Amino acid sequence: MVQRAFQDSGLISWAEHYAALTRLAVRQTLMVNQLVDMEWKFGVTVGTSEIQKLGTVFLQLKLVVRKGNSTENVYMELTLPQFYNFLHEMERAKASMECFS
Amino acid sequence: MSIGAVSSQTTNDAADVILFALHFPCGILLSRDLSQSHVNMAATVCNEDFTNLQLLLKASSKDAVREVCVQSQRGLSQRLTESTAATLGISEGQAAQLVQSLHALSHYVLFYNLSSPEQILAIFPESFHSSLKNLITKILLENSATWRTEALSNQISLPQLKDLDWRVDMVTSSDSVSRMSVPTCLVQLKMVDPCSSADSESVSSVTVELSRESLDTILDGLGRIRDQLSVVAGK
């Protein structure tokens, strides 16, 4: 709608760049504790000092969060049920986001 | 120690205690703090332990024996030594040694996952009192499953994800764009550090903001993890 208005009035180059400029402006929007990166690894716990033979799966996540000008690393471990719950909740969040567009 | 396929990144005091999990002659207490719930002792049971175990013959009932066995699994404490000495009518020094020996035995059974009566009976020396031997074996078998679950939940690890909350907001305006409608997602992750002392389980929490693209990337990553997990599970 805005682009048409610009085109009609002859400001063609402005119309071409309007969408890109808006996207850039939106990207400038403040984000608090923005998630910058997520690293993960998973493996099998083979044994511990209490139990010689084990075969449990563990998953470790490292979240890189931007705090002001620096980043902070958050490390955590998840068991399988916790991982599936995490995945499920993120899918629900994504579905919620899709509702709004 | 956790001999996982990949290394963990824990940086707290639990690492110091792990260094003591080597072979030591029995009778030496390896905890830094006697009231600590986990005492890392070597997985060996020696003759002195069996001598100490015979003190259980002074117990008045099978339940008294059961009680001492179950309490010793958690490790030595002043309270336990005193109550054991009182129940069995022995000195505190003897009670302390008995608790240590019981702990060594239950730790051994748990470590090697001895699940049949024959396996446990085989540890005892020939000369050991036979009905006491059978009673102790029965008690150990009864409690093995519970102790194993406890050991699994108490093992060292990075802070564990305990709770996850999220909300999706619609950003309608900002200092750079006066009218917009851009969804954003806030996720709060609550983590509990299992390695901190039992009385003060430290709960830390972090809230992150995700753009739609970030959330998509995360889901992409999580999907890949899920696929790889099903490959591992299938093997």
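Since the structure is predicted, the reported quantities are computational estimates derived from the model, not experimental observations. Residue positions are counted from 1 within each chain, in the order its sequence is given. Numbering of ligands from 1 and lettering of chains from A proceed in the order in which they are written. Totals for whole chains, interfaces and linings use all residues, but because this is a predicted model, local features are given only for residues with pLDDT of at least 70 and pairs of side-chain atoms are given and counted only at 80 or more. Hydrogens and waters are ignored; side-chain quantities use all the structure's heavy atoms.

### Brief notes about the overall build of chain A
The condition that has to hold: Each helix is a run of DSSP H or I of at least 4 residues and each strand a run of E of at least 2, with the numbering of both proceeding from the N terminus. Accessibility here uses a 1.4 Å probe with only protein chains present; expressed as a share of the type maximum, an area under 20% marks a residue as buried, one over 50% as exposed, and anything in between as partly exposed. Any two residues whose heavy atoms approach within 4.5 Å are treated as being in contact. Exposure was quantified through the Shrake-Rupley algorithm and a 1.4 Å probe, taking into account, for residues, occlusion by the shown protein chains and nothing else.
Assigned secondary structure in chain A consists of 3 helices and 3 strands. Along the chain direction, N to C, the helices and strands of chain A fall in the order α-α-β-β-β-α. A total of 101 residues make up chain A; the buried ones form 37% of that total. Contacts spanning at least 24 positions in sequence make up 22% of the contacts within chain A whose residues lie at least 6 apart. Carbon together with sulfur atoms contributes 55% to the accessible area of chain A, which is approximately 6200 Å² in total.

### What about the overall build of chain B?
When you go through chain B residue by residue, the secondary structure sums to 8 helices and 3 strands. Starting at the N terminus and walking to the C terminus, you meet the elements of chain B as α-α-α-α-α-α-α-β-β-β-α. Of all intrachain contacts in chain B linking residues separated by at least 6 positions in sequence, the fraction that spans at least 24 positions is 53%. Only carbon and sulfur atoms are counted for the fraction: they give 52% of the accessible area of chain B, which is about 12400 Å².

### Some remarks on the interface of chain A and chain B
Keep this limit in mind: Two parts placed together each lose some accessible area under a 1.4 Å probe, and adding up what both lose gives the buried area. In the sections that follow, a salt bridge refers to a side-chain nitrogen of Lys or Arg positioned within 4 Å of a carboxyl oxygen of Asp or Glu. Definition of a polar contact: a pair of N or O atoms within 3.5 Å, with one able to donate and the other able to accept a hydrogen when the atoms are protein atoms, and with sequence-neighbouring residues admitted only if both atoms are side-chain atoms. In this count, Pro and Cys sit with the nonpolar residues alongside Ala, Val, Leu, Ile, Met, Phe, Trp and Tyr, while Asp, Glu, Lys and Arg are called charged and the others, Gly among them, polar.
Listed by partner, the interface residues are 54 residues for chain A and 61 residues for chain B. Summed over both sides, the interface between chain A and chain B buries roughly 5500 Å², with carbon and sulfur atoms accounting for 69% of that surface. Ranking the residues of chain A by area buried against chain B places A:Glu50, A:Met90 and A:Met97 at the top, with a combined share of 14%. Scanning the region where chain A abuts chain B turns up 2 salt bridges. Among the ionic pairs, A:Lys94 bridges to B:Asp216, the shortest N-O distance being 2.9 Å. Our count for the contact surface shared by chain A and chain B stands at 13 residue pairs in polar contact (both at pLDDT 80 or more). Residue assignment for the side of chain A that touches chain B shows that the elements contributing at least two residues are α2 (12-27), β1 (34-45), β2 (56-67), β3 (70-78) and α3 (80-99) of chain A. When the residues that make up the side of chain A that touches chain B are grouped by side-chain class, the tally is 31 nonpolar, 14 polar and 9 charged.

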